[in-house]
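Summary of structural features
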Amino acid sequence: MDNLFDVLKMVNVNHRGVASKQVVITDLTGKPNGLLTDLFRDAISNIHLFLDMAQLESADDVLAALADHTPLPDDVLDEYAKILKEPLLKINLAPQKDQIELVVRG
């Protein structure tokens, strides 16, 4: 996996796609990043609401489909592009918290 979009494409929890409430973005020290987490959760929610992940192969596909099928403004799509293309360093599963921690440089 190269970026945060790949997590959405490749990871399933109990045979379902990643739910937005399960994801927390952290830095290398494990410190949560609330701003990036909220942005990624918002992107996930809109993807699940408006798109079919089976039809999408890349972050660019997501952005093009959201531009075509939603009223989201360009500045929001630009922010989604940044978060979906953010390089993924590591995944930490925290089942006791029912969380997936996605580690980025922060």
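Residues numbered from 1 in each chain as written. Predicted model: local features only at pLDDT ≥ 70, side-chain atom pairs only at ≥ 80, totals over all residues. Heavy atoms only, no water.

**Quick word on the overall build of the protein chain**
- If you tally the helices and strands in the protein chain, you get four helices and five strands.
- Scanning the protein chain from its N terminus toward the C terminus, one meets helices and strands in the order α-β-β-β-α-α-α-β-β.
- In summary, the protein chain has a C-alpha radius of gyration of 13 Å against a globular reference of 13 Å for 106 residues, a match within 12%.
- Principal-axis analysis of the C-alpha atoms gives the protein chain an extent of 40 × 30 × 20 Å.
- Residues classed as buried in the protein chain amount to 40% of the 106 residues present.
- With the model as given, the accessible surface of the protein chain reaches about 6,400 Å², and the carbon-plus-sulfur share is 49%. (Helix = DSSP H or I, 4+ residues; strand = E, 2+ residues; numbered from the N terminus. Rg over C-alpha atoms; globule rule 2.2 N^0.38 Å. Buried < 20%, exposed > 50% of the residue type's maximum accessible area, 1.4 Å probe, protein only. Areas by Shrake-Rupley, 256 points an atom, 1.4 Å probe, with all protein chains shown as cover.)

**Let's talk about the nonpolar core**
- In this structure, Phe 40, Leu 84 and Leu 102 are the most contacted members of the largest nonpolar core, which totals 31 residues.
- Counting residues per element, the ones that place at least two in this core are helix 1 (4–10), strand 3 (23–26), helix 2 (34–50), helix 3 (59–69), helix 4 (74–84) and strand 5 (99–103).
- Of the residues forming this core, the biggest block, six residues, is contributed by helix 2.
- Aside from chain neighbours lying at most four places away, what touches Leu 102 is Leu 4, Val 7, Val 23, Val 24, Ile 25, Thr 26, Phe 40, Leu 88, Lys 90 and Ile 91. (Core = buried A, V, L, I, M, F, W, Y, C linked by side-chain atoms within 4.5 Å. Contact = heavy atoms within 4.5 Å.)

**Some points on the sheet that holds strand 5**
- Sheet architecture is open: three strands sit in the order 3-5-4, paired in mixed fashion. Looking along the sheet, the strands with just one partner apiece sit at the ends: strand 3 and strand 4 (90–94). Each adjacent strand pair in this sheet contributes to an overall mean axis angle of 25 degrees, direction not counted.
- Judged from the four bridges that link them, strand 3 and strand 5 form a sheet pairing that is parallel. Each residue of the ladder has a partner; that of Ile 25, found in strand 5, is Leu 102.
- Against the sheet, helix 2 touches strand 3 and strand 5, its axis set at about 145 degrees to strand 3. (Pairing = 2+ DSSP bridges. Axes fitted to C-alpha atoms, helices over the stretch in contact; angles between N-to-C directions.)

**Brief notes about a nonpolar patch on the surface**
- A surface patch of nonpolar side chains, about 420 Å² in accessible area, is lined by Met 1, Met 10, Ile 91 and Leu 93.
- If you trace the backbone, Met 1 turns up in the segment before helix 1. (Patch = residues over 30% accessible without salt bridge, like charges linked within 9 Å, V, L, I, M, F, W, Y side chains within 5 Å. Salt bridge = Lys/Arg side-chain N within 4 Å of Asp/Glu carboxyl O.)

**Observations concerning unusual backbone geometry**
- With a phi angle near 65 degrees, His 15 is a residue other than glycine that sits in the positive phi range.
- Looking at where His 15 falls in the secondary structure, it is placed in the loop between strand 1 (12–13) and strand 2 (16–17).
- With phi around 55 degrees, Asp 98 is a residue other than glycine that occupies positive phi space.
- Tracing the sequence through the fold places Asp 98 in the loop between strand 4 and strand 5.
- Residue classification places Asp 98 among the partly exposed positions, given a relative accessible area of 46%.

**Re the packing of helix 2 against helix 4**
- The N-to-C vectors of helix 2 and helix 4 enclose an angle of 105 degrees; their axes lie 10 Å apart at closest approach. Viewed along their axes, helix 2 and helix 4 adopt a mutual orientation that is roughly perpendicular. Residues Leu 36, Leu 39, Phe 40, Asp 42, Ala 43, Asn 46 and Ile 47 of helix 2 form the contact with helix 4, whose participating residues are Glu 79, Tyr 80, Ile 83 and Leu 84.
- Taken together, the residues of the contact of helix 2 with helix 4 sort by class into eight nonpolar, one polar and two charged. (Parallel < 35°, antiparallel > 145°, perpendicular 65-115°, else oblique. Nonpolar A, V, L, I, M, F, W, Y, C, P; charged D, E, K, R; others polar.)

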